[in-house]
Amino acid sequence: MRILCIRILDWPFVALCHPRGRAAGAGVGVGVAGAVGRKGEASNDGPVEVGLMAIAGKRGALKKGELRKVAPTHKLLFVSEKARQRGLFPGMTVAQARGLCPEIDIVPPDEGLEQEAMTLFLERLEQAAPVVEDGGAGVAYVEVASVRELYGGIGGIVRTFLSLCEQWGWPCTLGVAGGRFTALTAAVLSGPGEVRVVPEGKGREFLAPLPVDLLPIDSEARRTLFEVGLDTLGALAAASPAE
């Protein structure tokens, strides 16, 4: 079974452009002016432009009218691509981030807003595909076979979904592979507006040289794997007992 993964880049920041986020002062031209930009009207959201931004503080949905402040000791949960290029990374404190990049905009998280944006993302995809699977945090999966008759081969399918994300103004990457994790990994390794297709039967070969950092595990588990020399997905697979 071939799986298409659609992954929105800088997801937590793109979610700030959800209508409620803009109304609450988290989005375009309000509160974080210039950090996230939107061009166009509702019929075409236009490109979301994510600048030097980070999200820090306690997780959880903000209540209506609640204002959550970011403290210097709070740790960064997410950093935008542009902030990453300036040397910022999740785990560093707000004070450290501002010392390295004084002009950065740092806002608190709002899981409720992110979920609303995710619901909108899935609803839009469901207009183009009969079945869409929620992958969480700006990621969705579509079975290739379910849309092949609608859009033709892989080329037509990926062009369709890249075009849709472009129309919505949401920067994305796509991955196609024989399983969800492999398709997600392919999308993660793709550049903005690009797609990476893993040939059929080549999933293990594709994953083998990649670092275990790509696994959805915590830092302690990742550190343990590195300490025992299992630093690639191939090494981990070779050390795992066969089913």
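Residues numbered from 1 in each chain as written. Predicted model: local features only at pLDDT ≥ 70, side-chain atom pairs only at ≥ 80, totals over all residues. Heavy atoms only, no water.

Visitor: An account of the overall build of the protein is needed here, citing residue identities and associated values.
Guide: Tallying secondary structure elements over the protein gives eleven helices and ten strands in all. Across the 243 residues in the protein, those meeting the buried criterion constitute 41%. In the protein, 51% of the contacts between residues at least 6 apart in sequence involve partners at least 24 apart. Put simply, the protein shows about 12,800 Å² of open surface, and 54% of that area lies on carbon and sulfur atoms. (Helix = DSSP H or I, 4+ residues; strand = E, 2+ residues; numbered from the N terminus. Buried < 20%, exposed > 50% of the residue type's maximum accessible area, 1.4 Å probe, protein only. Contact = heavy atoms within 4.5 Å. Areas by Shrake-Rupley, 256 points an atom, 1.4 Å probe, with all protein chains shown as cover.)

Visitor: Report on the packing of helix α6 (residues 144-151) against helix α7 (residues 154-168), specifying residues and quantitative values.
Guide: For any two helices packed against each other, the geometry is given by the interaxial angle and the distance between the axes. Where α6 contacts α7, the two axes come as close as 9 Å, and the packing angle between them is 90°. Relative to α7, the element α6 is oriented roughly perpendicular. From α6, V144, V147, R148 and Y151 reach across to α7, where they touch I154, G156, I157, T160 and F161. Class assignment for the residues of the contact of α6 with α7 results in six nonpolar, two polar and one charged. (Axes fitted to C-alpha atoms, helices over the stretch in contact; angles between N-to-C directions. Parallel < 35°, antiparallel > 145°, perpendicular 65-115°, else oblique. Nonpolar A, V, L, I, M, F, W, Y, C, P; charged D, E, K, R; others polar.)

Visitor: Tell me about the side chain of T173, and name the residues and values.
Guide: Inspection of the secondary structure assignment puts T173 in strand β9 (residues 172-177). From its side chain, T173 meets the backbone oxygen of A187 in a polar contact 2.7 Å long. (Polar contact = N/O pair within 3.5 Å; in protein donor to acceptor, adjacent residues only side chain to side chain.)

Visitor: Describe the sheet that holds strand β4 (residues 53-56), and please don't skip the residues or the numbers.
Guide: In a beta sheet, neighbouring strands pair by backbone hydrogen bonds and run either parallel or antiparallel. Taken in spatial order, the three strands line up as β5-β4-β6 in an open sheet, and their pairing is mixed. Each of the sheet's edge strands pairs with one partner strand only, and the pair in question is β5 (76-79) and β6 (105-107). When the angles between neighbouring strand axes are averaged without regard to direction, this sheet yields 25°. For β4 and β5, the ladder comprises three bridges, and the chain directions are antiparallel. Of the residues in β5, the one forming a bridge with I55 is F78. (Pairing = 2+ DSSP bridges.)

Visitor: Describe the nonpolar core, with residues and values.
Guide: Grouped together as the largest cluster of nonpolar side chains are 36 residues, with contacts concentrated most on L4, I6, F121 and F161. If you tally residues by element for this core, the top one is α7, at seven residues. If sequence neighbours within four positions are ignored, F161 has contacts with L4, I6, L125, A128, A129, Y151 and L174. Membership of the second largest hydrophobic core comes to 17 residues, among which are I3, V139, Y141 and L215. (Core = buried A, V, L, I, M, F, W, Y, C linked by side-chain atoms within 4.5 Å.)

Visitor: Lay out the sheet that holds β9 in plain terms, naming residues and giving numbers.
Guide: Spatially, the five strands line up as an open sheet ordered β7-β8-β1-β9-β10, and their pairing is mixed. The open sheet has two edge strands, β7 (133-136) and β10 (195-197), and neither has a second partner. Adjacent strand axes in the sheet meet at a mean angle of 20° when their direction is disregarded. Across the sheet, α6 is in contact with β1 (3-8), β8 (139-143) and β9; its angle to β8 comes to roughly 70°.

Visitor: Can you break down helix α5 (residues 111-126) residue by residue, with the values?
Guide: Taking 1.5 Å as the rise per residue, α5 with 16 residues should run 22 Å; its terminal C-alpha atoms sit 22 Å apart, in good agreement. Of all the positions in α5, only L113, E114, A117, M118, F121, L122, R124 and L125 are classed as buried. (Expected span 1.5 Å × (residues − 1).)

Visitor: Please provide a residue-by-residue account of the side chain of T182, values included.
Guide: Among the secondary structure elements, T182 is positioned in helix α8 (residues 180-188). By relative accessible area, T182 is classed as buried at 12%. Among residues more than four places away in sequence, those in contact with T182 are A177, V198, G203, F206 and L207.

Visitor: Tell me about the pattern of salt bridges, and please be specific about residues and values.
Guide: The full count for this structure, using the stated rule, is four salt bridges. Measuring nitrogen to oxygen at the nearest pair gives 2.5 Å for the salt bridge that ties R84 to E81. On the criterion of helical spacing, the pair formed by R84 and E81 is a turn pair, its members being three residues apart in helix α3 (residues 81-85). By relative accessible area, R84 is classed as partly exposed at 41%. Among the ionic pairs, E103 bridges to R86, the shortest N-O distance being 2.9 Å. Taken together, the residues E103 in the loop between α4 (94-100) and β6 and R86 in the loop between α3 and α4 connect sequence positions 17 residues apart. With a relative accessible area of 45%, E103 lands in the partly exposed category. On the accessibility criterion, R86 (38% relative accessible area) is partly exposed. (Salt bridge = Lys/Arg side-chain N within 4 Å of Asp/Glu carboxyl O.)

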